[in-house]
There are 2 protein chains.
Amino acid sequence: MLNFNFYAPARILFGKGEESRVGELLKPRAKKVLLHYGGGSVKKSGLYERIAASLTSSGVAFVELGGVMPNPRLSLVHEGIDLCRREQVDFILAVGGGSVIDSSKAIAMGVYYDGDVWNLYESGAAIERALPVATVLTIPAAGSESSGDTVVTNEAKQLKYGYGSPLLRPVFSVLNPELFFTLPKAQLGYGVADMMSHVFERYFTNTTHTDLTDGLCEATLKTLMKNAPAALKDMRDYDAWSELGFAGTVAHNGLVGMGREQDWACHGMEHELSAIYDIAHGAGLAVLTPGWMRYVYRDNIEMFVQFAVNVMGVDGSFRDPDALVEEGISRLAAFFARLGLPGSLRDLDIDETRLEEMAKKATGAAFGEERPIGGLKKLRWQDVLAIYRMVL
Amino acid sequence: MLNFNFYAPARILFGKGEESRVGELLKPRAKKVLLHYGGGSVKKSGLYERIAASLTSSGVAFVELGGVMPNPRLSLVHEGIDLCRREQVDFILAVGGGSVIDSSKAIAMGVYYDGDVWNLYESGAAIERALPVATVLTIPAAGSESSGDTVVTNEAKQLKYGYGSPLLRPVFSVLNPELFFTLPKAQLGYGVADMMSHVFERYFTNTTHTDLTDGLCEATLKTLMKNAPAALKDMRDYDAWSELGFAGTVAHNGLVGMGREQDWACHGMEHELSAIYDIAHGAGLAVLTPGWMRYVYRDNIEMFVQFAVNVMGVDGSFRDPDALVEEGISRLAAFFARLGLPGSLRDLDIDETRLEEMAKKATGAAFGEERPIGGLKKLRWQDVLAIYRMVL
């Protein structure tokens, strides 16, 4: 186990009806709130009305900015920053999924940044101030409701970069599983693939003596795999959505990765796909992850045997570890297929054309400073290209 | 799953050498610190010197109060409150195990309380202010390094009561597994029994649809059971102590019990034992837990079958669930014995004399207002007495 620093102060308000407390919770914390959201679904579902009513009845003033798209755009972030400055907003309430929350965090730090907030995503320079953010989660997937991370797309440059700071951890996040009932089925699959990937990126490691976090990772993965089919069968299954929502937060609040070298190659490779092709992040991860596993597993076959046995329930011959691992990976791919997720880049209408460009961007080789990605196995651009081709 | 509110903001600084950062971390937060500790072990081990040097080199002034005993005494808490007021202390640094931390929390809230702080333990009345507390943990056991709870013994009244408030969560806690190397072997057993009990109190529940927290509980228990024998074999096994220390914090920061009705009968029954007989809390829990299990399991046999199979690895006939459960409980008792823990009240020099008195105190019947204890099965004083007699 490696030394670590664990700090996850986001308050999670979990369960039926919790969103009605938003006004009461913001009252002592905010003078004027930016209510930030996505498309029409929060209006259609009545959630927008309930949130607005809660704010109004608590006497919390707010302005609003809708229109966040999946793979949230820098241009809307700029608009939000201007709005917050003009209106002297002192708190941002994100009502939506990861894209809305990440857009909110970008605005939150941009308000105090003297320059284009994109510079922070490019440089990674530390921030010293940000507006506080709270969230009402409508899609369990990104884990942004408990993390200090934000990922934004610069649509002009076709780049999708992440940024992290403890100042960007939400003050509180409401997780009411009932808010997930109206999600499209495809979104369920994308979310589950993303949540599982957040665990995988931490789970697959060369660090040894990690019994506790191994077990926490495995418990989280098995919970997701047990409950996703139940929610898919009945999109109003409160119990199943409860498990998915809670697991998504545990997957990404940092705990299950403490003391472990982490990987994050799949996320890095996926961000190139969604930056250029504007696909769902979870769809890209579902395609890439089994390919990545097949490409890297021989570098730490014991780790992948453990995955196959403890997570995928493979009960084969340990004397043929390659077969054991392949069975585990095949079961994962089959599970993704069962959720309706794509199995190849072609399923996402992505062809060979820009694979090399993406491989070079993902590793920084395109910018003249190659930094291999991944923890379990360091991947250079040629490796990334090989993985893209494996899943073509 | 029940609605819940999860908030665990204690920062955990984990690993070798982390205690050297104490001065740097306190510098911006404190003008004058109370350094609170127990007996001579922190001086013998050199830890006291290292902490004092870290504070001094960062220019943090401090006063000190040693002498905390296991089952921390109210009288020393009173002394600490006087000292903090007199010296205008604005931060408490606890260097020790759960007793030192709990004593620190009692002082932290007592400083601002106009009356005997014991009143708060008796009434449970909410506090609005407390001095901030940080900890350097020397015994993985109580989980107080990440919780907002404190348990103190009123030695004059022979009562041991707990109190909890979010204001008592440590600001940060240092967990350096090397600090555990010099613990007596008995303390290892006490600590493991306490940590396992913190999970058991949450795990054994009638709440259904708790896949994620079931899995997190089981992973934490299995980690403790795997690593305790390794640490017992080699008390300088850094990896084993790392798992135990991390698991102890996860066991009690609240996460693994979210959304579940909790039990806490064993803790309630044990506090009576240690209040009167001044035994180690973990020793009392090790004696009581198997007895409690045998007394209550038929009220939710499915829960105990799950425990036997998923935690204790029993692979028996599910058509004879009583035998399956008994095998699980027997294995737990054998595990405790392997750690050198007592198996009966007589091992602790406790006889029949005061069992009824304790049963009536534990349930409030002694004070004319019986409140049955326990979540999975409500226990009245007659039940508690029956359990005490089972483990006599």
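Note that the coordinates shown come from a computational prediction; the quantities given were computed from them, not determined experimentally.

Thresholds applied
Residues numbered from 1 in each chain as written. Chains lettered and ligands numbered in written order. Predicted model: local features only at pLDDT ≥ 70, side-chain atom pairs only at ≥ 80, totals over all residues. Helix = DSSP H or I, 4+ residues; strand = E, 2+ residues; numbered from the N terminus. Rg over C-alpha atoms; globule rule 2.2 N^0.38 Å. Buried ≥ 20, exposed ≤ 12 C-beta atoms within 10 Å, placed from the backbone. Domains from an automatic or database assignment. Contact = placed C-beta atoms within 7 Å. Pairing = 2+ DSSP bridges. Axes fitted to C-alpha atoms, helices over the stretch in contact; angles between N-to-C directions. Core = buried A, V, L, I, M, F, W, Y, C linked by C-beta atoms within 7 Å. Arc of directions from axis to C-beta. Least-squares fit on C-alpha atoms with pLDDT ≥ 70 in both. Parallel < 35°, antiparallel > 145°, perpendicular 65-115°, else oblique. Left-handed = near helix turned anticlockwise from the far one by under 90°. Nonpolar A, V, L, I, M, F, W, Y, C, P; charged D, E, K, R; others polar. Expected span 1.5 Å × (residues − 1).

Moving on: the overall build of chain A. Counting its regular elements, chain A contains 15 helices and 8 strands. By the compact-globule yardstick of 21 Å for 392 residues, chain A fits well, its C-alpha radius of gyration being 20 Å. Taking the principal axes of the C-alpha coordinates as reference, chain A spans close to 65 × 50 × 45 Å. Sorting the 392 residues of chain A into buried and exposed places 57% on the buried side.

Glancing now at the domain arrangement of chain A. Residue and element names in this part refer to chain A. Domain parsing of chain A yields domain 1 (11–179) and domain 2 (184–390). Taking the mean C-alpha position of each, domain 1 and domain 2 sit 26 Å from one another. Contacts between the two partners involve 19 residues from domain 1 and, on the opposite side, 24 residues from domain 2. Elements with a minimum of two residues in the side of domain 1 that touches domain 2: β1 (4–14) and β7 (159–164).

In this assembly, 35 residues from chain A lie in contact with 35 residues from chain B. Every element with two or more residues in the side of chain A that touches chain B is listed here: β1, α8 (211–233) and α9 (238–252) of chain A. Among the elements that take part in the side of chain A that touches chain B, α8 of chain A stands out by supplying 11 residues, more than any other. Alignment of β1 of chain A against strand β1 (residues 4–14) of chain B, held across 7 bridges, turns out to be antiparallel. In the strand pairing of β1 of chain B, A8 of chain A is matched with A8 of chain B.

It is worth spelling out the sheet that holds strand β3 (residues 61–65) of chain A at this point. In sheet architecture, strand pairing relies on hydrogen bonds along the backbone and comes in two forms, parallel and antiparallel. The sheet built from 12 strands is open, its strands ordered β3(A)-β2(A)-β4(A)-β5(A)-β8(A)-β1(A)-β1(B)-β8(B)-β5(B)-β4(B)-β2(B)-β3(B) with mixed pairing. The open sheet has two edge strands, β3 of chain A together with β3 (61–65) of chain B, and neither has a second partner. Each neighbouring strand pair of the sheet contributes to a mean axis angle of 25°, computed without reference to strand direction. Bridge count between strand β4 (residues 91–96) of chain B and strand β5 (residues 133–137) of chain B: 5 bridges; the pairing is parallel. Opposite V95 of chain B, over in β5 of chain B, you have V136 of chain B as the bridge partner. Sitting on the sheet, helix α5 (residues 98–110) of chain B touches β2 (32–37), β4 and β5 of chain B, and the angle it makes with β4 of chain B is about 165°.

Let us look at the nonpolar core. Ranked by size, the top nonpolar core spans 271 residues in total, and within it L93 of chain A together with L93 of chain B carry the most contacts. Excluding anything up to four places from it in sequence, L93 of chain A contacts V22, L26, V33, L34, L35, H36 and A134 of chain A.

Quick look at the pairing of strand β8 (residues 172–175) of chain B now. Along any regular strand, the residues point their side chains to alternate faces of the sheet. Residues and elements named next belong to chain B. Burial along β8 is two-sided: F172 and V174 facing one way and S173 and L175 facing the other are all buried. Note: β1 against β8, 4 bridges, orientation parallel. What sits directly across from L13, in β8, is V174. Both β5 and β8 contribute to a ladder of 3 bridges, which runs parallel. Bridging from a neighbouring strand, L137 pairs with L175 of β8.

Residues and elements named next belong to chain A. Looking only at helix α3 (residues 47–57), the buried set comprises L47, I51, S54 and L55. Along α3, the residues classed as buried sweep out an arc of 95° about the axis, all on the same side. In α3, the exposed positions that point more than 90 degrees away from the buried face belong to E49, T56 and S57. Buried residues belonging to α3 abut α1 (22–26), β2 (32–37), α2 (41–44), β3, β4 (91–96) and β5 (133–137). Of the residues flanking the end of α3, it is G59, one or two places downstream, whose phi is positive at about 75°.

With that settled, the discussion passes to unusual backbone geometry. All names here are of chain A. A positive phi angle, near 50°, is found at Q88, a position not held by glycine. Positioned with a positive phi, W264 is a non-glycine residue whose angle comes to about 70°. With respect to the secondary-structure elements, W264 resides in the loop between α9 and α10 (265–277).

Between chain A and chain B, the superposition needs a rotation of 180° and an axial shift of 0.0 Å, giving an RMSD of 0.0 Å. In short, the pair behaves as if placed about a two-fold rotation axis. Taking C-alpha positions as the reference, the residue of chain A nearest the rotation axis is P9 of chain A, at 2.1 Å. A share of 100% of interface residues in chain A that are also interface residues in chain B marks the association as one of identical surfaces.

Before going further, it helps to examine the packing of helix α14 (residues 355–362) of chain A against helix α15 (residues 381–390) of chain A. Residue and element names in this part refer to chain A. Where α14 contacts α15, the axes come no closer than 8 Å and their chain directions differ by 135°. By the criterion of interaxial angle, the relationship of α14 to α15 is oblique. In terms of crossing hand, the pair formed by α14 and α15 is right-handed. Taking contact as the criterion, the partners of L355, E356, M358, A359, K360 and A362 in α14 are, on α15, W381, V384, L385, Y388 and R389. The residue inventory of the contact of α14 with α15, partitioned by class, reads 8 nonpolar, no polar and 3 charged.

Its place among the elements puts G67 of chain B in the loop between β3 and α4 (74–87). The class of G67 of chain B is partly exposed, set by 16 C-beta atoms lying within 10 Å.

A word on the pairing of strand β6 (residues 149–154) of chain A. All names here are of chain A. Most of β6 is tucked away, with 5 of its 6 residues classed as buried. The pairing of β6 with β7 spans 6 bridges and is antiparallel. Note that in β7 the partner of V151 across the bridge is G162.

Looking now at helix α9 (residues 238–252) of chain B. Residues and elements named next belong to chain B. With 15 residues, α9 should cover 21 Å at 1.5 Å per step; its first-to-last C-alpha distance of 22 Å lies within 8% of that length. Burial analysis of α9 places 13 of its 15 residues in the buried class, the great majority of the element. Positive phi shows up at G254, right after α9, with a value of about 110°.

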